[in-house]
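Next come the chains, spelled out residue by residue.
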Amino acid sequence: MTPRVGIVVFPGSNCELDARDAFAALGAEPVMIWHAETSLDGVDIVILPGGFAHGDYLRTGALARFSPIMDAVRAHAEAGGIVLGICNGFQILCEAGLLPGALRKNAGLKFLCKWVTLRVDEADTPFTARARPGQELRIPINHFEGNWYVEPDVLAGLKANGQIVLRYADNPNGSLDDAAGICNEGRNVFGLMPHPERACDSLLGSADGVVLLGSLLDHVSNRTGVSV
Amino acid sequence: MSYLARVDVMLKPGISDPQGQTIEKALPVLGYGGVRGVRVGKRIQLEVDAASPDEARSKVEDMCERLLANPVIESYEVSIA
Amino acid sequence: MSYLARVDVMLKPGISDPQGQTIEKALPVLGYGGVRGVRVGKRIQLEVDAASPDEARSKVEDMCERLLANPVIESYEVSIA
Amino acid sequence: MSLAPDLHRELGLTDDELEAIRQRLGRDPSYTELAMFSVMWSEHCSYKSSRLHLRDLPTEGPHILVGPGEGAGIIEVAPGVSVAWKVESHNHPSFVEPFNGAATGVGGIVRDILSMGARPIALMDPLRFGPLDDPRTCYLVEGVVHGISSYGNSIGVPTVGGEVVFEDCYAENPLVNVACLGVIEERLMHGRAEGDGNAVILIGSSTGRDGIGGASVLASAEFDESSSEKRPSVQVGDPFTEKLLIEACLELVRANLLVGFQDLGAGGISCPTSEMASKAGTGMRIDIDLVHLREADMEPFEIMISESQERMLAVVDPANVDAVLAVCRKWELQANVLGHVTKSGRLEVVRGDELVADVPADALAEEGPVYNRPVERPAWIDELQGAPPGGEAPADLRDAFLAVLGSPAVASKRWVWEQYDHMIFLGTVQGPGGDAAVIRLPGREVAVAITVDGPGRFCYLDPYEGARLAVAEAARNVAAVGGKPLAITNCLNFGNPEKADVMWQFSETVRGIADACRALGTPVTGGNVSFYNETNGRAIYPTPVIGMLGSVLDPAGAVGLAFATDGDAVMLLGATDETAFGGSEYAKVVNGVVAGRPPALDLDAEGALHRVLIAGAEQGLFSSAHDCSEGGLAIALAESALAGGRGFSLEMPGATHATLFSESPSRAVVSCSQARVETVRRLADEQGVPAIVLGSVGGDSLAFGTFELPVEVARGVFERAFQRMLSASMS
Ligand SMILES: Nc1ncnc2c1ncn2[C@@H]1O[C@H](COP(=O)(O)OP(=O)(O)O)[C@@H](O)[C@H]1O
Ligand SMILES: [Mg+2]
C-alpha cells in the first residue's frame, strides 16, 4: 500500500493541484481535504499548500489558522505525524503556532517569483534524509511575505537544535539567518517558502524538489511499512 | 449600544519595517527633508455592539490578541469612540 | 523642533474594501458577533522637523497628497503630537 | 415620466440614438432604461464604430470551434483538446488608478475565459507607457505591474509573458491590455438563456456603486453633492472572491448544473441579461430587490449598470437550483435567484412589484447603432513616409550596440516578470524572456505556444503594413519555439473614431490583419476594440496587439532562444534587407528618428521561414532558435548569448550597422551542431529560405568581427538598464 498524502485546501489556496500532481508522480496517493472538514481520515502526511488562503487578507495565514481542519492538523502534529507547509502553508503554520516566527513582507517590497539555490544545513530530518549535508538544491520561490522573523533568543535555540533546515545561498527576501525552511523541535513539522512541487520535473527547470518530497515519502514508508 | 472602535497595529519597535524605510528614502527625493522614524502599520475600523465602552474595548482587545495582530512582530492600540 | 505625526489613510466611503468585508465575514465564525463596518487602512507614523505644529501639519498633509495616500481612492487624517 | 431634454447627451447618447430608442420602445425610456441603453450602446459594448470593419476579418478554420461573438474564441489544438484565448483592454481605468485598473483588467478577461467553461491557465500583459524618464510613467509602471502581480498571483493564474513598450504617444494614454488562455475541462459553455422558466442566478460579489460615475447625472434630487463621491468610477479588485468564483463555476460546469452562463463586465447586469436572452431568442424577468447589495438605497439604474467586479450570471434548470446554491455556499460565495427566463423576448426588470424597465433584449444587445464613420487618409502620412528612416551609420558601432541593447524596449524586463507567478500549474515549459511562452496543458502531454506583439511604430508609419508585420512577428515568435501558429486574438487600440484619419488607420489596420491572417492560415477568434485613446487631440500610435496561439505537440521538443553548446554553428535563416530602418529601434535610439516606411514584408517568405523553424524543431535539429525583431540581428544574437551565458564569434566579413540593426522581417537566428549544418541548409533550401552560417557559439565575448565586448558587460547593460531607468526617474 502507498503513502497517503493529505493536501488541505483552504479558500484561496492555489498550489493544491500542483502538490497533488507532484506527489502522484512520486507514487504517493494524494487526498484532497477541504478546510471545513474536521478529520484527516488517517493520511500519513499532511500538506498545507501554497496560495493565498482567504486572500491573505489582514495577514498571510491569519484567518486560515482558524479553519476547522486545523485542530486535526495540530493533533496529527502532536502525535508525531508529518506536516509540511509550503509557502502560504508555512505562513499558516507560523500563525497557528505550530512553527516559530512570522513572515514579513520581502525586504525589497516586491513579490518575487524566481529560481533560488537552497543549502541543506540539516540532513538528518524526515524532510531532508535523501540529501547530503550542505547539498545545494535549485528550487523556485514565489512570495511577497517570505521575510521570516523570530525573537533573537528563540533563534538561538532553533540554531542550537538544528531547526533551520534549509538556507538561501543568496538571501532574496531578508529572511533572518537566511532561513528558507525550518522545522519544529520534534522534527516532524516543516515549513519552507520555496516550492519543491515546482521542481519535480526537469522539463520545468529542475527535479531537485524530489529530494525533499521523496524524503518524506521514504520516512512514512519506513515507519508505517508502506512503500512507494 | 454600538461603538466605533479603532485599532492601530504597528510592527514592534526594533523590527525592521521595509515599507517605512522605502517611504523615508523617497521623501527627500520629493523635497521633504527632516523626516525620520517612518513606520507603516494598519488602521482597522469596526463597529461593535456592547453594553459599555469597557465591554467594547475588552471585546476588541480580545480580537487583537487572537486575530487582528500577530504578537510575534506586532503591537496594537485600541481606541473606542 | 521635531514633531511626531500620525497619518491615518482609509479607503473613501463607497470604495469597496474586500479585505474589510472578508474579515467581517470571518469574525462571527470566531465567536465575535455584532461587528459591522470593518474597514482596513494604513496608519503611518513619522517624525518631522518643523518650526511649529501648524508647519508640521501642512508639511505632512502635503506628503499625503503626493506620496502617503492615493487621493483617487483614499482619504487621510493627520494628527500632530 | 418625461426626461430632462439633454440627459441622454450627458450619458453619451446622441439625439439620433435617443430617437432610435424611442422607436424600439414606442415611448420615452425611463431613467433606468436610458441608463441601460447608454452602457449597452456605448462604443465599448456595441462596437458601433468598428463592427463594419471587423466583418472583413477571417474567422473560420477547421480548428476554430468558436469564433468572435462570445466570451472568448475556442481553438482545438489537438484532437479533443480545446483552449480559449482572448485579449481585452483596460486602458483608461489603469491611467486613473494604475493598481486597481490593471488588477480589475486581469479579473475581467479571466471571467471571459471562465464564461466559456474553461479553466484560466495563463495570462499575458502587453503594456505601453510614456517615456521612462518621466516620473509619472514610473508611477504608472509600478502601479500597473503591482496590480497585475497581486491579482494574477492571488487567483493562481501564471502571467507567462507580455510586452512593455515606451513611446511619447502613450504618456497620457497608457495601454494596459491583458490576454488570457484557458483550457476546456469538461464541456464548452455558452452565454445563452435557453429554456422558458429556467432560473437566473447572480453569483459572486455584492453589488455596489462601482464604475457608474458617468451615469451619476441620473441621480434623483435626494442625492446631495457628495453623490459623485458615492459613485466612485474606480473599482477595487477582489482576487480572493475571483478565485472562489473560478473554482465554484468550474465545479458547476463539471457537474453539468448550468444551462448557460456569462460574466458581468462593462454594462453590469444589463449586459449578460440582455445578451443571453437575445442570443437564445428568449426573454428574462428579474427582480433587482433580490440582488445582494453592498450599499443602502441604491437606485434601480445603479443596480442595473453597476460594474462591481467578480460576478457571473447563470441560467439554471429549476431542478438544479438547490444544487447550484449548495456549491456556491461551499465556496462561501453569495448566490441569488434574481428571476427566470421567459418567452417574451423582452428584458423585464422589476423592483418588488414596480416595473422599472421593460425593453426588447435584442434592442439592447443586438440592435445598437452601427456607424460607417468617415475614413480619410491623412495628408501628413506622405510626408512622414517620404522622410529618411534614420538608417545613417553611427559614430561608433559598439556604442550604438550598447545603446540599443540598453534601450527600454530591448532591455530585459526581468524586473517586471519576476513579480509575476509564472510557474503555477507546472506547465511553464518556457516562460517570460523568450520568444513565445510554451505552456503544457494540465494533465495533457500537448502544449500551446502563445505570444503578444504590437509594433506601434510600424503601424504609425503605415497601418496596413504595420498590421501585417504585427501578425507576422507574432507567428514568427510561435514558430521560433517550434509551435504551429493556429489562430489570433487581437486588441485594437486607437484614438477617436469620429476623426477620419483615425478611422483610416483603423480600417487599414483591420485590412492588414485580415490579409496576413489569411496568408498565414491563422483566423481571428476574437478580441477587443479600445477607441478614444486620445488626449488634447493627440492620439496614440495605431496599436493593434496581436495575440498568437500555436500548438506544440511535443513540449519536450520545444526550442529555446539560449545558445546551448560551445562549438555549435550560428546560422541566419531568411534574407536581410539592409535598408529596413523605418520605425526600427536603431533609428529611434541612435538617430532619434521615427519616419520612412516600415520594413517590407513578403508573407510567402514569412510562411516559408515558419515551416523551416517548425520542421527543424520537430526533427530536433536546433540547439536554439530566436527570431530577429527589435534591434535586428545584433540583438537577436546578443539575447541568445546572454540567455545561454556563452559568447559567439562571427566569421562573416565586416558586419556593418546595416547588417546588424536592420529590422527586415522573416528572419531567425538558430544554432545547431556543426554536423547538422548541412541538414538545416537542405531543409531551408527546400522551402526557398536563404540560410548562411554566421559563425559559432563559444568564448566569453560577443565577437561581431567589427567590434566585440565581454558577455558580462553586455549582461550588465541588458539586465540592469530597465530598473536603473525606473529608479533614476523616481528620484
Ligand atoms: N478586434 C476584434 N477582432 C475580432 N473580434 C473582436 C474584436 N474586438 C471584439 N471582438 C469580438 O466582439 C465580441 C465582443 O467583444 P468584447 O465586448 O470585448 O467581449 P466581452 O463582452 O467578452 O468583453 C467578442 O466576441 C470579441 O471577440
Ligand atoms: Mg521574438
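You'll find the structure just up there.
Note that the structure is predicted; figures quoted are calculated from it, not measured.

A. Geometry of the relation of the copies chain B and chain C. The operation relating chain B to chain C is a screw motion whose rotation component is 179°, with 0.0 Å of axial translation and a residual RMSD of 0.4 Å. Such values leave the two copies arranged in the relation of a two-fold axis. Among all residues of chain B, the one whose C-alpha sits closest to the rotation axis is B:K42, at a distance of 2.2 Å.

B. How the structure looks around the coordination of the magnesium ion (ligand 2). Residue and element names in this part refer to chain D. Only D435 (OD), N477 (OD1) and D627 (OD) from the protein coordinate the magnesium ion (ligand 2), and they sit 2.1 to 2.5 Å from it. Coordination of the magnesium ion (ligand 2) draws on donor residues from a single chain, spaced D-x41-N-x149-D in sequence. Here D627 lies in strand 23 (residues 624-627) and D435 lies in the loop between strand 14 (428-430) and strand 15 (437-440), a separation of 192 residues in the sequence. Pair check on accessibility: D435 and D627 agree, each one buried.

C. The arrangement of the nonpolar core in detail. Core analysis: the largest hydrophobic core is formed by 71 residues, its most contacted members being D:I203 and D:L258. Ranked by residues supplied to this core, first place goes to helix 10 (residues 239-254) of chain D with nine residues. With residues near it in sequence (within four places) discarded, D:L258 still touches D:M189, D:L252, D:V253, D:A314, D:V315, D:V316 and D:V324. In terms of nonpolar packing, the next biggest core, distinct from the first, is built from 69 residues, A:V8, A:F90, A:Y168 and A:V211 among them.

D. Geometry of the environment of D:D112. All names here are of chain D. One can find D112 in helix 7 (residues 98-114). Taking the relative accessible area as the measure of exposure, D112 reaches 7% and is therefore buried. If sequence neighbours within four positions are ignored, D112 has contacts with G71, A72, K86, E88 and D263.

E. Inspection of the site of ligand 1 at higher detail. Residues and elements named next belong to chain D. As a structural note, the neighbourhood of ligand 1 is formed by 17 residues, with Y47, G69, E88, D112 and N490 the closest of them. Side-chain polar atom of E88 to an oxygen atom of ligand 1: 2.3 Å apart, as the coordinates give it. One nitrogen or oxygen atom from the side chain of D112 is found 2.8 Å from an oxygen atom belonging to ligand 1. Burial of ligand 1 by the surrounding chains reaches 85%, relative to a free accessible area of 540 Å². Taken together, the elements giving at least two residues each to the shell around ligand 1 come down to strand 3 (81-89), strand 17 (484-493) and strand 18 (524-530). By residue number, the principal contributor to the shell around ligand 1 is strand 18, which donates five residues. Grouping the amino acids of the shell around ligand 1 by side-chain chemistry returns seven nonpolar, six polar and four charged.

F. Structural detail: the sheet that holds strand 22 (residues 569-573) of chain D. All names here are of chain D. A sheet is described by the order of its strands in space; here seven strands give the open sequence 23-25-22-26-24-27-28, paired in mixed fashion. Every interior strand has two partners, whereas the edge strands, strand 23 and strand 28 (708-710), have only one. Across the sheet, the mean angle separating the axes of adjacent strands is 20° when strand polarity is ignored. The pairing of strand 24 (residues 648-650) with strand 26 (residues 691-697) spans three bridges and is antiparallel. In the sheet register, L650 faces strand 26, and the bridge partner there is G695. Across the face of the sheet, helix 25 (residues 677-686) comes into contact with strand 22, strand 25 (668-672) and strand 26 while running at roughly 5° to strand 22.

G. Broad picture of the interface of chain B and chain A. Chain B puts 15 residues into the contact, and the matching count from chain A is 16 residues. The tally of links from chain B across to chain A stands at one salt bridge. The shortest N-O distance in the salt bridge between A:R59 and B:E74 comes to 3.8 Å. Where chain B packs against chain A, one counts six residue pairs in polar contact (both at pLDDT 80 or more). Of all the elements in the fold, those that place two or more residues in the side of chain B that touches chain A are helix 1 (18-29), strand 2 (35-49) and helix 2 (53-68) of chain B. Grouping the amino acids of the side of chain B that touches chain A by side-chain chemistry returns eight nonpolar, four polar and three charged.

H. Region of the structure containing the packing of aromatic side chains. Evaluated as defined, the whole model comprises 20 aromatic pairs over all chains. Centre to centre, the rings of D:F37 and D:W41 are 5.1 Å apart; their planes meet at 85°, and the pair counts as edge-to-face. Seen from their ring centres, D:F563 and D:F648 are 6.3 Å apart, and the 80° between their planes marks the pair as edge-to-face. Linking D:F563 in the loop between strand 21 (543-552) and strand 22 with D:F648 in strand 24, this pair joins segments that are 85 residues apart in sequence. Members of the aromatic cluster, joined through ring pairs, are D:F401, D:F563, D:F648, D:F704 and D:F707. Cation over ring: A:K105 sits above A:F144, and NZ or CZ is 4.7 Å from the ring centre. In this arrangement the basic side chain of D:R511 is found over the ring face of D:Y464, its NZ or CZ atom lying 4.0 Å from the centre.

I. Seen up close, the sheet that holds strand 4 (residues 82-86) of chain A. Residue and element names in this part refer to chain A. If you trace the nine strands from one edge of the open sheet to the other, you get 2-1-3-4-11-10-9-6-7, paired in mixed fashion. If you trace the sheet from one side to the other, it starts and ends with strand 2 (29-34) and strand 7 (136-143), each paired once. Neighbouring strand axes in the sheet, compared pairwise and without regard to direction, differ in orientation by 25° on average. Both strand 4 and strand 11 (residues 189-192) contribute to a ladder of four bridges, which runs parallel. Across the sheet, residue I86 finds its bridge partner in strand 11, namely L192.

J. Local environment of the side chain of B:N70. Take B:N70: it is sitting in the loop between helix 2 and strand 3 (74-80). Dropping the residues within four chain positions of it, B:N70 is found in contact with A:R59, A:E95 and A:A102.

K. Spotlight on unusual backbone geometry. All names here are of chain D. Phi angles above zero are rare outside glycine, and Y532 is one such case at about 65°. By the secondary structure assignment, Y532 is in the loop between strand 18 and strand 19 (534-535). Even without a glycine there, the phi angle at N536 is positive, about 45°.

L. Here's a closer look at the packing of helix 19 (residues 463-480) of chain D against helix 20 (residues 500-520) of chain D. Residue and element names in this part refer to chain D. The contact between helix 19 and helix 20 brings their axes to 7 Å, and the two run at 40°. In terms of orientation, helix 19 and helix 20 fall into the oblique class. The handedness of the crossing between helix 19 and helix 20 comes out as right-handed. For the pair helix 19 and helix 20, the contacting residues are P463, Y464, A467, R468, V471, A472 and A475 in the first and W504, Q505, E508, T509, R511, G512, I513, D515, A516, C517 and L520 in the second. Taken together, the residues that form the contact of helix 19 with helix 20 break down as eleven nonpolar, three polar and four charged.

Definitions and cut-offs
- Residues numbered from 1 in each chain as written.
- Chains lettered and ligands numbered in written order.
- Predicted model: local features only at pLDDT ≥ 70, side-chain atom pairs only at ≥ 80, totals over all residues.
- Heavy atoms only, no water.
- Least-squares fit on C-alpha atoms with pLDDT ≥ 70 in both.
- Donors = N, O, S within 2.8 Å, 3.2 Å for Na, K, Ca; no water.
- Helix = DSSP H or I, 4+ residues; strand = E, 2+ residues; numbered from the N terminus.
- Buried < 20%, exposed > 50% of the residue type's maximum accessible area, 1.4 Å probe, protein only.
- Core = buried A, V, L, I, M, F, W, Y, C linked by side-chain atoms within 4.5 Å.
- Contact = heavy atoms within 4.5 Å.
- Near = heavy atom within 4 Å.
- Polar contact = N/O pair within 3.5 Å; in protein donor to acceptor, adjacent residues only side chain to side chain.
- Areas by Shrake-Rupley, 256 points an atom, 1.4 Å probe, with all protein chains shown as cover.
- Nonpolar A, V, L, I, M, F, W, Y, C, P; charged D, E, K, R; others polar.
- Pairing = 2+ DSSP bridges.
- Axes fitted to C-alpha atoms, helices over the stretch in contact; angles between N-to-C directions.
- Salt bridge = Lys/Arg side-chain N within 4 Å of Asp/Glu carboxyl O.
- Phe/Tyr/Trp six-rings, centres within 6.5 Å; stacked < 30°, edge-to-face > 60°.
- Lys NZ or Arg CZ within 6 Å of the ring centre and 35° of its normal.
- Parallel < 35°, antiparallel > 145°, perpendicular 65-115°, else oblique.
- Left-handed = near helix turned anticlockwise from the far one by under 90°.

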